[in-house]
Amino acid sequence: MNQNGQMDRLGARPLIRRQSCAQGTESFSVVPSQVSGMDYLRDPKLFKGMAFSLEERQTLGIHGLLPPRIKTQEEMAEHSMRNLRRFQDPLNKYMYMIELLERNEKLFYKVLSENTEELMPIEYTPTVGLACQKFGLAFKRPKGLFISIHDKGHVYDVLKNWPEQDVRCIVVTDGERILGLGDLGAQGMGIPVGKLALNTAIAGIPPSQTLPITLDVGTNRQELLDDVDYIGLRHKRVTGQEYDDFIDEFMQAVVRRYGQNTLIQFEDFGNHNAFRFLEKYRDKYCTFNDDIQGTASVALAGVLAGLKATNTKLKDHTFLFQGAGEAALGIANLIGMAMEKREGVPYKEAIKRVWLKDSRGLIVKDRPEGGISVHKAPFAHEH
């Protein structure tokens, strides 16, 4: 208490910026609330490191709790990059970036957005694949939302536990086909986290409006089930109607919680489910599959640039894909659609210029080796 019987500090007083009419400069005022000065040091969304000004430090009651030097965000970003470049191992660089995100969110996104070319291979592929494999061993603090098959019937209640109210963009995986690594179960969480970090750094989506989600229905990889550090459910994958009902409930819960216009991006689902869900939900929800549609749009853009450079048309070329997974089939379909829309070639005629080769060889009609799924069948031409 001071001499007037008033508290010297209210403990919980966030800064409110206001423009000074007299000097035209930014000033600060404080109001009582539920956020204390210590929260500014502990919460990565509020923490600014040594960039707190002297006025901020005194107002928040954290003066003396930080070194006396006051740095700019630019100086702190340069310091972070110097630290990062000390590491030779990409996984160590990935862990440094994750620790920076857990410590100082604003600085993390500044560093990532200003050094995207250097850091994209660290924050996402290829390093994120190794990070997913080591996810259980390296797990420190939770990121994103884990919804398990055992939450079936209560998915909406789990979604309500996420602290942000205005979510606009969700990236969701069930971990069945993580990159080229196969079934990583709940440890596939690194993919939604990494993808949304890039969405913020490159597209400017506020991180508070993003939500990474892993739907844990088990894993069929025995080495994970036997791994003492595995963080997911320890049983084989749930499939069939129970799995489909779980996904249906999840989609309905997202719309109920965040609204019909919330983007639900499917990422790294197994081939058999990825195509099925895309067809099932594309006309009912704001959704797309990044592996099928996102990759295809970027690949087609490259093809169209090549056509411009060579002064040719799509119908002048024959396309052969090494592989027939989600990405290859997505690109192949989009090439057919582009040929129809841009050059007037009927779709069925257009895809006759597109060939695919999978693990059993060239996909042709009545192939003795079989293995031609319903999604590969349109590309199984006479040969």
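This text goes with the structure placed above it.
1. Some words on helix α4 (residues 90–103)
- When the terminal C-alpha atoms of α4 are compared, their 20 Å separation across 14 residues agrees well with the 20 Å that a helix rising 1.5 Å per residue should span.
- Most of α4 sits out of view: 10 of its 14 residues are buried.
- Considering only its buried residues, α4 is in contact with α3 (73–85), α5 (105–114), α6 (116–123), α7 (127–133), α8 (135–138) and α10 (190–203).

2. A short note on the pairing of strand β4 (residues 169–173)
- Most of β4 sits out of view: five of its five residues are buried.
- Going residue by residue along β4, you find C169, V171 and T173 tucked away on one face and I170 and V172 tucked away on the opposite face as well.
- In this fold, β4 hands off to α10, which returns the chain to strand β5 (residues 210–216); that crossover is right-handed.
- By the bridge criterion, four bridges tie β4 to strand β6 (residues 263–266) in an arrangement that is parallel. Paired with V171 across the bridge in β6 is Q265.

3. Describing the nonpolar core
- In this structure, I147, I213 and F250 are the most contacted members of the largest nonpolar core, which totals 57 residues.
- Broken down by element, the residue count for this core peaks at eight residues, all from helix α12 (residues 240–258).
- Core analysis: the second largest hydrophobic core is formed by 33 residues, M95, L100, L101 and L198 among them.

4. Some details on unusual backbone geometry
- Look at the link from T125 to P126: it is a cis peptide, with omega at 5°.
- On the secondary structure map, P126 appears in the loop between α6 and α7.
- In this structure, N311 takes a positive phi of about 55° despite not being glycine.
- Tracing the backbone through its elements, the reader meets N311 in the loop between α14 (290–310) and β8 (319–322).
- Take N311: its relative accessible area is 71%, and that puts it in the exposed class.
- The phi dihedral of D366 falls on the positive side, at around 55°, and the residue is not glycine.
- Tracing the chain through its elements places D366 in the segment after β10 (361–362).
- On the basis of relative accessibility, which here comes to 68%, the residue D366 falls in the exposed class.

5. Looking at the pattern of salt bridges
- Under the definition given, this model contains 24 salt bridges.
- A salt bridge links R85 to E118; the nearest nitrogen and oxygen atoms lie 2.9 Å apart. Placement of the pair is R85 in helix α3 and E118 in helix α6, with a sequence separation of 33 residues.
- Between K352 and E349 there is a salt bridge, and its shortest N-O distance comes to 3.2 Å.
- Here the salt bridges do not stand alone but share partners, grouping R177, D268, D291 and E326 into one network.

6. Observations concerning α3
- Over its 13 residues, α3 runs 18 Å from end to end, which matches the ideal 18 Å to within 8%, given 1.5 Å per residue.
- Its buried side turned inward, α3 meets α4, α5 and α6.

7. Here we look at the pairing of strand β9 (residues 354–358)
- Where burial is concerned, most of β9 is hidden: four out of the five residues are buried.
- The pairing of β8 with β9 spans four bridges and is parallel. Residue pairing across strands places F321 opposite L356, the latter belonging to β9.
- Where β9 and β10 come together, two bridges link them in antiparallel fashion. Among the inter-strand pairings, K357 is bridged to a residue of β10, identified as L362.
- Between β9 and β10, which pair antiparallel one after the other, the connecting turn spans two residues.

So, how was this worked out
Residues numbered from 1 in each chain as written. Predicted model: local features only at pLDDT ≥ 70, side-chain atom pairs only at ≥ 80, totals over all residues. Heavy atoms only, no water. Helix = DSSP H or I, 4+ residues; strand = E, 2+ residues; numbered from the N terminus. Expected span 1.5 Å × (residues − 1). Buried < 20%, exposed > 50% of the residue type's maximum accessible area, 1.4 Å probe, protein only. Contact = heavy atoms within 4.5 Å. Right-handed = clockwise from strand over helix to strand, strands pointing away. Pairing = 2+ DSSP bridges. Core = buried A, V, L, I, M, F, W, Y, C linked by side-chain atoms within 4.5 Å. Salt bridge = Lys/Arg side-chain N within 4 Å of Asp/Glu carboxyl O.

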